[in-house]
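What follows is the residue order along each chain.
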Amino acid sequence: EDQVTQSPEALRLQEGESSSLNCSYTVSGLRGLFWYRQDPGKGPEFLFTLYSAGEEKEKERLKATLTKKESFLHITAPKPEDSATYLCAVQARNAGNNRKLIWGLGTSLAVNP
Amino acid sequence: DGGITQSPKYLFRKEGQNVTLSCEQNLNHDAMYWYRQDPGQGLRLIYYSQIVNDFQKGDIAEGYSVSREKKESFPLTVTSAQKNPTAFYLCASSTYYPGGEYEQYFGPGTRLTVT
C-alpha cells in the first residue's frame, strides 16, 4: 500500500537551532514529492517539488533533499516565523489520471525566540 | 494578483441542509481539486476536475457534489447525505497535461460547522 510517514509529529526548536524534518514514503515508483507549509487555519503553501533521488532545492532557510525512500526538509537557523505545520505529499507513477497525491500527517514545528 | 479564493471563510449550517462552498481561481489552471482536512488525518481528495464540464470522484465523494461550468470556478456542494460534514475544506488548482507533474496551489479554506 502506498504510504507517506512524517516524523517527528511535533518539533520544538530554539531560534537559530537547525534541524531536519523527515518524510519517508513507500510507493510503487515515485513521480514527484511535494513539500508544503501550512499555518493554522490557512491553506497549504507550496514550497518544493522533488522528482528524483539526489535532487535538492533551497529557499531561504529551507532545503529539501530526496533519496529513494525519504525526503528531508532541513531548516537552517530557524526563526519564530518558520513556525508552522510542514506537509509532505507524494505522487506515485501508478496514480492514474487523477494525479492523486498521498499526504503525510505533517510535522508541527514551533520555533521559540 | 493571481490566486485562489474560497468563500466564505466560516460557514455554519443546520443538519439536513445542503450548503455550497465557492472556489474561484485566476491562475488559468486547467485542473481543480477539493480536499477535506480533519485533525489527525491527512488531506483527503473529494473531487477533482481536469477540464471544464468534466469531473471525477476522489476517495471520499459520497455526500458531495460538484460542477465545473467555467474554467475558473469549481463549487462544492455538501449535501445532507454527508454524515460528518464538519471539517476544513480546501480547494486547489494546478496546471495539467498528460505525463506532466505540477504542484497544486491551495486556497485559504472554508471551515464548515454543521450542528
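No experiment lies behind these values; they were computed from the predicted model shown.

1. Re the overall build of chain B
Counting its secondary structure elements, chain B contains zero helices and eleven strands. Taken against the 2.2 N^0.38 rule, which gives 13 Å for 115 residues, the C-alpha radius of gyration of chain B at 13 Å falls within 12% of a compact globule. In terms of its C-alpha atoms, chain B occupies a principal-axis envelope of roughly 40 × 30 × 30 Å. Across the 115 residues of chain B, 50% fall into the buried class. Sequence separation of at least 24 residues holds for 52% of the intrachain contacts in chain B that already meet a minimum separation of 6. About 5,700 Å² of surface is accessible on chain B, with carbon and sulfur atoms providing 47% of the total. The distance from the centre of the 11 positive side-chain charges to the centre of the 12 negative ones in chain B is 9 Å.

2. Let's talk about the sheet that holds strand β8 (residues 70–75) of chain A
Residue and element names in this part refer to chain A. Spatially, the five strands line up as an open sheet ordered β1-β3-β8-β7-β6, and their pairing is antiparallel. Two strands close off the open sheet at either side, each with one partner strand: β1 (3–7) and β6 (56–59). This sheet shows a mean twist of 15° between the axes of neighbouring strands, independent of strand direction. Note: β1 against strand β3 (residues 19–26), five bridges, orientation antiparallel. Looking at the pairing, Q3 lines up with T26 of β3.

3. Regarding the sheet that holds strand β8 (residues 76–78) of chain B
Residues and elements named next belong to chain B. Strand order across the open sheet formed by four strands is β1-β3-β8-β7, with antiparallel pairing between neighbours. Of all the strands in the sheet, just β1 (4–7) and β7 (64–66) have a single pairing partner and so form its edges. Direction aside, neighbouring strands of the sheet carry axes that sit 20° apart on average. Where strand β3 (residues 19–25) meets β8, three bridges bridge the pair, whose relative direction is antiparallel. Residue pairing in the sheet places T20 in a bridge with T77 of β8.

4. Comments concerning the interface of chain A and chain B
Listed by partner, the interface residues are 21 residues for chain A and 26 residues for chain B. Between the two partners, chain A and chain B, sit zero salt bridges. Across the chain A-chain B interface, the total number found is two residue pairs in polar contact (both at pLDDT 80 or more). Elements represented by at least two residues in the side of chain A that touches chain B include exactly β4 (30–38), β5 (45–50), β9 (84–92) and β10 (101–103) of chain A. Of the residues that constitute the side of chain A that touches chain B, the class distribution is nine nonpolar, eight polar and four charged.

5. What about the layout of surface pockets?
Put simply, the largest pocket is a space of about 780 Å³. If you go around the largest pocket, you meet 34 residues; those closest to its centre are A:G104, A:L105, B:Q41, B:G42 and B:L43. Counting only elements with at least two residues in the lining of the largest pocket, the list comes to β1, β9 and β10 of chain A together with β4 (31–37) and β5 (44–51) of chain B. The leading source of residues in the lining of the largest pocket is β1(A), at four residues.

6. Concerning unusual backbone geometry
At the junction of A:S7 and A:P8, the peptide bond is cis and its omega measures out at -10° in the coordinates. Omega for the bond connecting B:S7 with B:P8 falls within 30 degrees of zero, at -10°, which places this linkage in the cis form. Of note in this structure, A:A77 is not a glycine but carries a positive phi near 45°. Examined against the element boundaries, A:A77 turns out to sit in the loop between β8 and β9.

7. Here's the deal with the state of the cysteines
Residue and element names in this part refer to chain A. Per the counting criterion, the structure on display carries two disulfides over all chains. The side chain of C23 participates in a disulfide bridge whose partner is C88; the two sulfur atoms lie 2.0 Å from each other. Its torsion about the S-S bond being -65°, the disulfide of C23 and C88 is classed as left-handed. Of this pair, C23 sits in strand β3 while C88 is found in strand β9, placing the two residues 65 residues apart along the sequence.

Parameters and conventions
Residue numbers here run from 1 along each chain, matching the order of that chain's written sequence. Chain letters start at A and ligand numbers start at 1, both assigned in the order the entries are written. Selection of residues for local features in this predicted model requires a pLDDT of at least 70, selection of side-chain atom pairs for listing and counting requires 80 or more, and totals for whole chains, interfaces and linings are taken over all residues. Derived side-chain values reflect all non-hydrogen atoms in the structure, with water molecules and hydrogen atoms excluded from consideration. In this text, helices come from DSSP runs of H or I with a minimum length of four residues, and strands from runs of E with a minimum of two, each type numbered from the N-terminal end. We take the radius of gyration over the C-alpha atoms and set the globule estimate at 2.2 Å times the residue count to the 0.38 power. With a 1.4 Å probe rolled over the protein chains alone, any residue whose accessible area is under 20% of its type maximum counts as buried; one over 50% counts as exposed, and the rest are partly exposed. Any two residues whose heavy atoms approach within 4.5 Å at even a single point are treated as in contact. Throughout, the Shrake-Rupley method with a 1.4 Å probe supplies accessible areas, and for residues the shown protein chains are the sole cover considered. Residues counted as positive are Lys and Arg, residues counted as negative are Asp and Glu, and His and the chain ends are not counted. Lys charges are placed at NZ, Arg charges at CZ, Asp charges at CG and Glu charges at CD. Should DSSP find at least two bridges between two strands, the strands are regarded as paired. An axis is simply a line fitted to the C-alpha atoms; with a helix, the fit covers only the stretch in contact. Between two such axes, the angle follows the N-to-C directions and lies from 0 to 180 degrees. What counts as a salt bridge is simple: a side-chain nitrogen of Lys or Arg found within 4 Å of a carboxyl oxygen of Asp or Glu. Here a polar contact is taken to be a pair of N or O atoms separated by no more than 3.5 Å, where protein atoms must pair a possible hydrogen donor with a possible acceptor and residues adjacent in sequence count only if both atoms sit in side chains. Residue classes follow a fixed rule: Ala, Val, Leu, Ile, Met, Phe, Trp, Tyr, Cys and Pro count as nonpolar, while Asp, Glu, Lys and Arg count as charged, and any other residue, Gly among them, counts as polar. Space inside and on the surface of the protein is sampled on a 1 Å grid over the protein atoms alone, with a cavity defined as a set of points where a 1.4 Å probe fits but cannot get out and a pocket as an open set with protein on both sides within 12 Å along at least 5 of 7 lines; lining residues have an atom within 4 Å of a point. Grid points are joined across faces, edges and corners, and a volume is the space filled by probe spheres set on the points. Working definition: a disulfide is two cysteine sulfur atoms within 2.5 Å of each other.

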